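Structural characterization, general
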Amino acid sequence: MKTRHNHRIKNPILRTSILTVAIWVVLCMVAFSIWNGSARSNAENSAAWQKKVDPQVLTLAAAGETDFLVYLNEQADLSRAAALTSKEEKGAFVFKALTDTARRSQASLINVLKNQEIAHRPYWIANMVWVRGDISAVQTMAQRSEVAHIYADPWVKSDSLSFPSTPIGIAPHASTGSDASYPSGIQWNIEKVNAPQVWAAGYTGQGAVIGGQDTGYQWDHPALKAKYRGWNGTSADHNYNWHDAIHEDNPGSGEENSCGLDLTVPCDDYGHGTHTMGTMVGDDGNGMQIGMAPGARWIGCRNMEEGWGRPSTYAECFQWFVAPWPIGGDPIDDADPSKAPDVINNSWSCPPSEGCAWDSLQAIVNATRAAGIMVVGSAGNNGSSCGRLNNPI
């Protein structure tokens, strides 16, 4: 018969100590597991919100305040506009759909920005909010579930703003045709596309309104004044006919803007906008025919500050064109889509180096087209060879 040995620890103090150590080890393992899981979760959360943000924004915000555009997940469904027959119907539907979506979905986010006293400006042309803040503000926005992406909004000088060596546009501030350099007659570029033959057939652009967004416009230039929608022959009314999206000097342009900021009267601080509008409608009534559609009227928006533009200023001009509002008016309550132009000219470029990701401005252009407005973009003046373009809009 074998005897069984009893291996139980008979010393109660020693037995309690071993039990305490075992419990302590188990607790440490549990704590480590929780800490490790929490650390991993925090790292994953950090990576998740950073994936929503353009690298340029993360870099600039880490060093201080920067400007950025917060795009929300919800974007207005404009598909029904295609079935509407008139431009007026399309414009009214698109305006209501865009503004209703923005007002409803932006409310909570804007309250956070207001409570934290973070500079911001809401837009409805795409469901987005312009924000100026540091990395903490970027993180606060990116971690919100309704936010889809955060884009950079840098000031970058547009290299596409060049003037032709042979005069085919109009010189800024020109007042008479006595100067030998002042164009007269039908210009060669107009002849080249057979515009005079189209005019002879009875089509001069009459009844159409052209919108231009550029460096501004010298509205009273002799080749433009009579074509300006805000001019009735005796006095000017710039309400619904002019908007300035330039609210501050950019650091790259150096001196204070020659025209000023938030202009209530059209002005061109660079000359390029006046030149392009001349190519569109220019005709002084005395033989100087430089415009493709001299029978059309025009309205304008300044989207560049001395040749420097940014995604938010481009977006603001598109927004104003879809539903113009009066000088100093509210972009929603005072906007009127019935005053929108028929076509918009854009003689500028916004490449990725300027912060213009295709999926930011693309939504804005699509909304403008859904409103029944034709969007014309410059092909640019540069390319590696014939038939190639560097930076179309």
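Provided above is the structure to which this section pertains.
Residues numbered from 1 in each chain as written. Predicted model: local features only at pLDDT ≥ 70, side-chain atom pairs only at ≥ 80, totals over all residues. Heavy atoms only, no water.

Some points on the overall build of the protein chain
Counting secondary structure elements, the protein chain contains 9 helices and 14 strands. For the protein chain, the residues scored as buried account for 46% of the 393 residues in total. In the protein chain, once contacts between residues fewer than 6 apart in sequence are set aside, the share between residues at least 24 apart is 75%. As displayed, the protein chain offers around 19900 Å² of accessible surface, 55% of which is attributable to carbon and sulfur atoms. (Helix = DSSP H or I, 4+ residues; strand = E, 2+ residues; numbered from the N terminus. Buried < 20%, exposed > 50% of the residue type's maximum accessible area, 1.4 Å probe, protein only. Contact = heavy atoms within 4.5 Å. Areas by Shrake-Rupley, 256 points an atom, 1.4 Å probe, with all protein chains shown as cover.)

Focus on the pairing of strand S7 (residues 209–214)
Side-chain direction in a regular strand flips from residue to residue, so the side chains alternate between the two faces of the sheet. Judged by how many residues are buried, S7 sits mostly within the fold: 6 of 6 residues are covered. The alternating pattern of S7 places Val209, Gly211 and Gln213 on one face and Ile210, Gly212 and Asp214 on the opposite face, and all of these are buried. Direction of pairing for S7 relative to strand S10 (residues 297–302): parallel, over a ladder of 6 bridges. Across the sheet, residue Ile210 finds its bridge partner in S10, namely Trp298. (Pairing = 2+ DSSP bridges.)

As for the sheet that holds strand S12 (residues 308–309)
Strand pairing in a sheet relies on backbone hydrogen bonds, with the paired strands running either antiparallel or parallel. Taking strand neighbours across the sheet as the criterion, the 3 strands line up as S5-S12-S11 in an open arrangement whose pairing is antiparallel. Of all the strands in the sheet, the pair left with one neighbour each is strand S5 (156–157) and strand S11 (304–305).

Structural notes on the packing of aromatic side chains
As enumerated under the stated definition, the model contains 8 aromatic pairs in all. Aromatic pair Trp219 and Trp231: ring centres 5.8 Å apart, planes at 45 degrees, arrangement tilted. A residue pair is termed long-range when its members are at least 10 positions apart, and Trp219 in the loop between S7 and strand S8 (242–244) and Trp231 in the loop between S7 and S8 qualify at 12 residues. Members of the aromatic cluster, joined through ring pairs, are Tyr217, Trp219, Tyr228, Trp231 and Trp298. For the cation-ring pair, Arg121 lies above Trp130, with the distance from its terminal atom to the ring centre recorded as 4.8 Å. Looking at Lys339, its charged tip hangs above the ring of Tyr240, at a distance of 4.7 Å from the centre. (Phe/Tyr/Trp six-rings, centres within 6.5 Å; stacked < 30°, edge-to-face > 60°. Lys NZ or Arg CZ within 6 Å of the ring centre and 35° of its normal.)

Some thoughts on the pattern of salt bridges
Counted under the stated rule, the structure contains 12 salt bridges. Asp333 is paired through a salt bridge with Arg103; the nearest N and O atoms lie 2.5 Å apart. Of this pair, Asp333 sits in the loop between helix H8 (311–322) and strand S13 (343–346) while Arg103 sits in helix H3 (residues 87–115); the two residues are 230 residues apart in sequence, bridging distant segments of the chain. According to the relative accessible area criterion, Asp333 is exposed, its value standing at 56%. Among the residues examined, Arg103 registers a relative accessible area of 46% and is labelled partly exposed. In this structure, Arg144 engages Glu146 in a salt bridge whose closest nitrogen and oxygen atoms are separated by 2.9 Å. Residue class for Arg144 comes out buried when judged on its relative accessible area of 18%. Connected through salt bridges with shared partners, the residues Asp67, Arg132, Asp153, Glu248 and Arg310 form a single ionic network. (Salt bridge = Lys/Arg side-chain N within 4 Å of Asp/Glu carboxyl O.)

Observations regarding the nonpolar core
With 46 residues, the main nonpolar core has Leu78, Val94, Leu98, Trp124, Ile125, Met128 and Ile364 as its most contacted residues. Elements with a minimum of two residues in this core: strand S1 (66–72), H3, strand S3 (128–133), S10, H8 and helix H9 (358–370). Ranked by residue count, the leading element in this core is H8, at 7 residues. Setting aside residues no more than four positions away along its own chain, Met128 makes contact with Leu69, Val70, Tyr71, Gln106, Pro122, Tyr123, Ala315 and Ile364. (Core = buried A, V, L, I, M, F, W, Y, C linked by side-chain atoms within 4.5 Å.)

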